[in-house]
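Next come the chains, spelled out residue by residue.
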Amino acid sequence: MSRFNNGIVYTKENCIGCNKCIAQCGVTGSNFFVFDEEGKSVIQVDSKKCIKCGKCIKICPHNAREYKDDTEIFFADLKSGEEISLIVSPEFFINKERAYKLLGYLKKLGITKIYDNSLGAEISLWAHAVYLKDHQKDPFENKGFIAHECSAFNNIVELYYPEIAEKMIPVQSPLMCTTIYAKKYLSDTNKIAYLGSCISKADEISSPSTNNFVDYNITIKNLLDYLKNADLSDCYYEPDVKGNGFGQSLFIKNNFYIVMKLLFSSEINMKCFHGMNRENLEKLELYSKSTDFNSQLQFAYMSACPNGCFRGPGGDFSLPEDQFIAAIGTVENSTYKKFFDNSNPDENFKKVNDLFELFDKQDFYYKAEKRYHQPPVVPETVIQEIFATMLKDTEDKQTINCGICGHTTCREMAEAISCGYNKKENCNHYMNDKNQQENTKTETVTVVDNKTEIINRQLRIMVEKAAVGLCLVHIRFDFDDASKLPLAKILKINKKMLELTGLSYETVMSWTNPQLISEIQKIAGGDFYKRAFYSIVTNPSKDFIYELPEKNIKITLSVLQQKDSSSLVVATFNSLNEGQND
């Protein structure tokens, strides 16, 4: 669709511009209001700003948001003989029977080794806990206290909340902990693929802080779709490497935080933030800058998805909600609730530490990537200028704050317009006020408009009865974006023109703007469209004449009416000989 819609998350053709994605997104400018080539308002994605949390994919009522992953590339490389090991998110095993059958099928296709990412979650928990123990008495300004588990959360803080980013605990995520264990401790030299429901893992695996150890991010949703017709008979395989009994539950909701609390006494100040929204991020930002010893946190946790790493945007939603809730309850009861003693944090820490005490904790640390985006500062004078163009000339109009445009306040909308993220035409109140102004024009203007409509009807009759090829075209220009081609719509075409082109009336009248451009280019050549409409805009009083000697055709465009950003044009097609005799 445009250069703003070519990343991991993108908008599909059926977007109607309802603005729900803007309202739900925590990143200003990630959703970009534009008019498409047919003049329809759509909300596209700026891939440089998008944190790939996938929230817009889940909440879009029109199913107009989608994502890309590495499923196709993964299977192509596997087929070509590439040696690949697979790390599998624990959520894949909610349906164990199906999971083991699919893993058996992948094993037959050539997967070399399979790891359950529960192990990586356990290693990551251990490394976080050891870091907290080691730095417990350090000054607050010299240590981190925020869990580094969720890649979408890591995206938003590194890009937009530098104070939070500086307080992240420098420990790798479960995926990277499993990968490091496989490569360093098991000497696995294969390419690594990750199977889960998180689409923001694409950023994590391409980050310099993860050393490009993981080569493919595959979502469960797309894997199931790719293998929907696979014959799974006689297929069964369990992971070669599994966790120690509690790692699976660490991916569910806020269980990483709950288990961390079981490793420390209640005197340690810990907090879980439910939901990765702007309000919670601003609270966490304040905690990151706190100078009050009594309010300083020793550990904080936040994730993007309400179910944790279960049922992310690329997950499997085929299981009914009640059965899903029952399934994760079973996981919790059979894992961490059996493994840990609620009343003995020292013993709990020892049990975890004993599992990994031979590991070098430095292997699982990371250095954060510096990629902060400085937000634009919009001067008050610019805000007021934009309000003026939006016909918001009173304080009441500037504080309607209806939220229909997707922004919380009118001021936020004005800021977005100043940065090019939105357009005033996306404000319902502006459009209503503009229409009201147009409806209260003087009687003279009304008479002129009525006369114009009569002329237009007469033109349609003339076009139909003309002996040469004629068509009546309405053209609209987008002066806000000079790089865009005008929008053209054929209002009437006569029989002679249809005979010359060999097309049917129904076909011509159903053309979209791209189809019309394509047909014109076939007839007159690639540069005709731009040259013709440039002439219409810059010199509407002069006919534009274009000759095609090799086809013995002369095309004449005459502007009959031009108003604001639109024109009514008659296009005449006749032979060069006829043009000389006239």
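What counts, and where the lines are drawn
- Residues numbered from 1 in each chain as written.
- Predicted model: local features only at pLDDT ≥ 70, side-chain atom pairs only at ≥ 80, totals over all residues.
- Heavy atoms only, no water.
- Helix = DSSP H or I, 4+ residues; strand = E, 2+ residues; numbered from the N terminus.
- Rg over C-alpha atoms; globule rule 2.2 N^0.38 Å.
- Contact = heavy atoms within 4.5 Å.
- Pairing = 2+ DSSP bridges.
- Axes fitted to C-alpha atoms, helices over the stretch in contact; angles between N-to-C directions.
- Buried < 20%, exposed > 50% of the residue type's maximum accessible area, 1.4 Å probe, protein only.
- Salt bridge = Lys/Arg side-chain N within 4 Å of Asp/Glu carboxyl O.
- Phe/Tyr/Trp six-rings, centres within 6.5 Å; stacked < 30°, edge-to-face > 60°.
- Core = buried A, V, L, I, M, F, W, Y, C linked by side-chain atoms within 4.5 Å.
- Parallel < 35°, antiparallel > 145°, perpendicular 65-115°, else oblique.
- Left-handed = near helix turned anticlockwise from the far one by under 90°.
- Nonpolar A, V, L, I, M, F, W, Y, C, P; charged D, E, K, R; others polar.

A. Quick look at the overall build of the chain. Helix and strand counts for the chain come out as 25 helices and 15 strands. Its C-alpha atoms give the chain a radius of gyration of 31 Å, more than 25% over the compact-globule value 25 Å for 582 residues. With the C-alpha coordinates aligned to their principal axes, the bounding extent of the chain is approximately 100 × 65 × 40 Å. Taking contacts inside the chain between residues at least 6 apart in sequence as the whole, the part at least 24 apart equals 72%.

B. Summary view of the sheet that holds strand β6 (residues 113-116). The four strands lie next to each other as β6-β5-β7-β8, forming an open sheet whose pairing is parallel. What marks the edges here is a single partner per strand, and that holds for β6 and β8 (216-219). The sheet shows a mean angle of 25° between the axes of neighbouring strands, taken without regard to direction. Two strands pair when backbone bridges link them, and strand β5 (residues 84-88) and β6 are joined in this way by four bridges, in the parallel orientation. Bridge pairing in β6 links isoleucine 87 to tyrosine 115.

C. A look at unusual backbone geometry. With a phi angle near 60°, aspartate 234 is a residue other than glycine that sits in the positive phi range. By secondary structure assignment, the location of aspartate 234 is in the loop between α10 (220-226) and α11 (255-262). Judged by relative accessible area, aspartate 234 falls into the exposed class, the value being 73%. Positive phi, normally seen in glycine, also occurs at lysine 253, with a value near 45°. Structurally, lysine 253 can be placed in the loop between α10 and α11.

D. Quick look at the pairing of β8. Residues Tyr216 and Ile218 of β8 are buried on one face, and the alternating residues Asn217 and Thr219, pointing to the opposite face, are buried as well. Bridge analysis of strand β7 (residues 191-196) against β8 gives four bridges, and the strand direction is parallel. Of the residues in β8, the one forming a bridge with alanine 193 is tyrosine 216.

E. Just the pattern of salt bridges, in detail. A full pass over the atoms with the stated rule returns 18 salt bridges. Among the salt bridges present, the one from glutamate 380 reaches arginine 411, with a minimum N-O distance of 3.0 Å. Pair noted here: glutamate 380 is in helix α16 (residues 380-389) and arginine 411 is in helix α18 (residues 410-418), with a separation of 31 residues, a long-range link. The class of glutamate 380 is partly exposed, set by a relative accessible area of 40%. It is possible to trace a salt-bridge network through shared partners that takes in Glu158, Glu369 and Arg371.

F. Fine view of the packing of aromatic side chains. Enumeration over the complete set of coordinates arrives at 26 aromatic pairs. Between phenylalanine 74 and phenylalanine 75 the ring centres are 5.0 Å apart and the planes differ by 70°, which places this aromatic pair in the edge-to-face class. Exposure class is identical for phenylalanine 74 and phenylalanine 75. Each is buried. With 5.8 Å between their ring centres and 50° between their planes, tryptophan 126 and phenylalanine 356 make a pair best called tilted.

G. How the structure looks around the pairing of strand β3 (residues 41-45). By the criterion of burial, β3 is predominantly enclosed, with four of the five residues buried. Where strand β2 (residues 31-35) meets β3, five bridges bridge the pair, whose relative direction is antiparallel. Opposite phenylalanine 35, over in β3, you have serine 41 as the bridge partner. Hairpin connection of β2 to β3: five residues between the antiparallel strands, including glycine 39 at a positive phi of 85°.

H. Highlighting the nonpolar core. Within the largest apolar cluster, 55 residues are counted, with the highest numbers of intra-cluster contacts made by Ile123, Trp126, Met260, Leu263, Phe299 and Phe340. Of all the elements, helix α5 (residues 118-134) adds the most residues to this core, at 10 residues. Beyond its immediate sequence surroundings of up to four residues, isoleucine 123 is in contact with Cys177, Tyr181, Phe356, Phe359 and Phe364. The next biggest cluster of nonpolar side chains, apart from the first, holds 29 residues, and it includes Ala488, Leu498, Phe533 and Ile536.

I. Inspection of the side chain of glutamate 158 at higher detail. Along the polypeptide, glutamate 158 turns up in helix α6 (residues 151-160). For glutamate 158, a relative accessible area of 6% gives the class buried. With sequence-adjacent residues up to four places away left out, glutamate 158 is seen in contact with Ala165, Tyr366, Ala368, Glu369, Arg371 and Tyr372.

J. Looking closely at the environment of isoleucine 252. Here isoleucine 252 is to be found in the loop between α10 and α11. Considering only alpha carbons, one finds isoleucine 252 and isoleucine 328, 76 residues apart in sequence, at a separation of 7.4 Å.

K. Focus on the packing of α5 against α11. For the pair α5 and α11, the least separation of the axes is 11 Å and the interaxial angle reads 50°. Here α5 is positioned oblique relative to α11, judged by the angle of their axes. Crossing of α5 over α11 shows right-handed handedness. Touching Ala121, Ser124, Leu125, His128, Ala129 and Leu132 of α5 are Phe256, Val259 and Met260, all from α11.

L. Local environment of the packing of α16 against α18. Where α16 contacts α18, the axes come no closer than 9 Å and their chain directions differ by 100°. Between α16 and α18, the angle falls in the class roughly perpendicular. Contacts from Glu380, Val382, Ile383, Gln384, Ile386 and Phe387 in α16 reach Cys410, Arg411, Ala414, Glu415, Ile417 and Ser418 in α18. By residue class, the composition of the contact of α16 with α18 is seven nonpolar, two polar and three charged.

Note that all results are geometric; they support no functional claim without further evidence.
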